[in-house]
Amino acid sequence: MSQIESYSPRKIAAMAAFTVSLAGPVMAESVMASQANVQFANISLSTPASRECWARYVSGTGRTNDNIIEEVAFRVPCPEQMTQGFMHSLQRSLAARGFFSGHVSGRPDAETRAAVQAFQRANGFNSPILTLKTAQHLGLVPIERH
């Protein structure tokens, strides 16, 4: 829901000067207000809830002695987080720990997946899919506090 407010030219000039101070230096003429009153709409947008992304993985045959398929579901960084810069950081972080020796390309190639799996296996989870917990452990995404 929007709320319309009316401001005097003096208040408009003050707001424009504040906006200019945030944006950086500009010409003085750009902050002059006209003599007419101007209306501004204040629109409040709710903050979107944090999104959770999940993956499922079946290791080996994924079958138990009873011939039941077992798979594990776990949280992962969301696709929009997996940028080339993120992949660069992941590769460098794994290389610093001795798990990645390839070219830091920023691409999720087979060597990167093998390094992720080796790192995760050494920490108790055998999967080539990067978990959110591993990304947090490597300092690539913030740790969530509840």
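Note that the structure is predicted; figures quoted are calculated from it, not measured.

(A) Structural detail: the state of the cysteines. Scanning the entire structure with this criterion turns up one disulfide. The residue that forms a disulfide with C53 is C78, at a sulfur-sulfur distance of 2.0 Å. In this structure, the disulfide formed by C53 and C78 twists by about 105° around the S-S bond and is classed as right-handed. Here C53, found in strand β3 (residues 53–57), pairs with C78, found in the loop between β4 (72–76) and α2 (84–96); they are 25 residues apart in sequence, far enough to count as distant. Residue C78 is classed as buried on the basis of its relative accessible area, which comes to 4%.

(B) Representation of α2. Its 13 residues place the ends of α2 18 Å apart at the C-alpha level, agreeing with the 18 Å of an ideal helix rising 1.5 Å per residue. The complete set of buried residues in α2 reads F86, M87, L90, Q91, S93 and L94. The buried residues of α2 all sit within an arc of 165° when viewed along its axis, so they share a single face. Looking at the buried residues of α2, the elements they touch are α3 (110–122) and α4 (132–137). Phi turns positive, to about 85°, at G98, one or two residues after α2.

(C) Region of the structure containing the packing of aromatic side chains. Scanning the entire structure with this criterion turns up two aromatic pairs. Judged by centre distance (5.0 Å) and plane angle (75°), the ring pair of F74 and F125 falls under edge-to-face. Pair noted here: F74 is in strand β4 and F125 is in the loop between α3 and α4, with a separation of 51 residues, a long-range link. Judged by centre distance (5.2 Å) and plane angle (90°), the rings of F99 and F119 are edge-to-face. With F99 in the loop between α2 and α3 and F119 in helix α3, this residue pair connects regions lying 20 residues apart in the sequence. For F99, a relative accessible area of 29% translates into the label partly exposed. Its relative accessible area of 5% is what places F119 among the buried residues.

(D) Spatial organisation of the packing of α2 against α3. Close contact between α2 and α3 brings their axes to 10 Å; oriented N to C, the two are set at 55°. Judged by the inter-axis angle, α2 sits oblique to α3. Our pair here, α2 against α3, has a crossing hand that is left-handed. Here M87, L90, Q91 and L94 of α2 lie close against α3, whose contacting residues are T112, A115, V116 and F119. When grouped by side-chain class, the residues that make up the contact of α2 with α3 number six nonpolar, two polar and no charged.

(E) Geometry of α3. An ideal rise of 1.5 Å per residue puts 18 Å on 13 residues; α3 measures up with 18 Å between its terminal C-alpha atoms. Where α3 is concerned, the buried positions are T112, A115, V116, Q117, F119 and Q120. Buried residues in α3 make contact with β3, α2 and α4. Immediately downstream of α3, the backbone of G124 shows phi near 95°, a positive value.

(F) Layout of the confidence of the model for the protein. In this model, the protein carries a mean pLDDT of 75, and residues with pLDDT of at least 70 account for 62%. Contacts for the low-pLDDT stretch residues 1–5, under 50 throughout, to residues beyond four places or in other chains number 14 contacts.

(G) Just the side chain of T131, in detail. Examined against the element boundaries, T131 turns out to sit in the loop between α3 and α4. The class for T131 is buried, based on a relative accessible area of 6%. When neighbours within four sequence positions are excluded, T131 is seen to be in contact with F74, R75, V76, P77, Q120 and F125.

What counts as what
- Residues numbered from 1 in each chain as written.
- Predicted model: local features only at pLDDT ≥ 70, side-chain atom pairs only at ≥ 80, totals over all residues.
- Heavy atoms only, no water.
- Disulfide = S-S within 2.5 Å.
- Helix = DSSP H or I, 4+ residues; strand = E, 2+ residues; numbered from the N terminus.
- Buried < 20%, exposed > 50% of the residue type's maximum accessible area, 1.4 Å probe, protein only.
- Expected span 1.5 Å × (residues − 1).
- Arc of directions from axis to C-beta.
- Contact = heavy atoms within 4.5 Å.
- Phe/Tyr/Trp six-rings, centres within 6.5 Å; stacked < 30°, edge-to-face > 60°.
- Axes fitted to C-alpha atoms, helices over the stretch in contact; angles between N-to-C directions.
- Parallel < 35°, antiparallel > 145°, perpendicular 65-115°, else oblique.
- Left-handed = near helix turned anticlockwise from the far one by under 90°.
- Nonpolar A, V, L, I, M, F, W, Y, C, P; charged D, E, K, R; others polar.
- pLDDT = per-residue confidence, 0-100.

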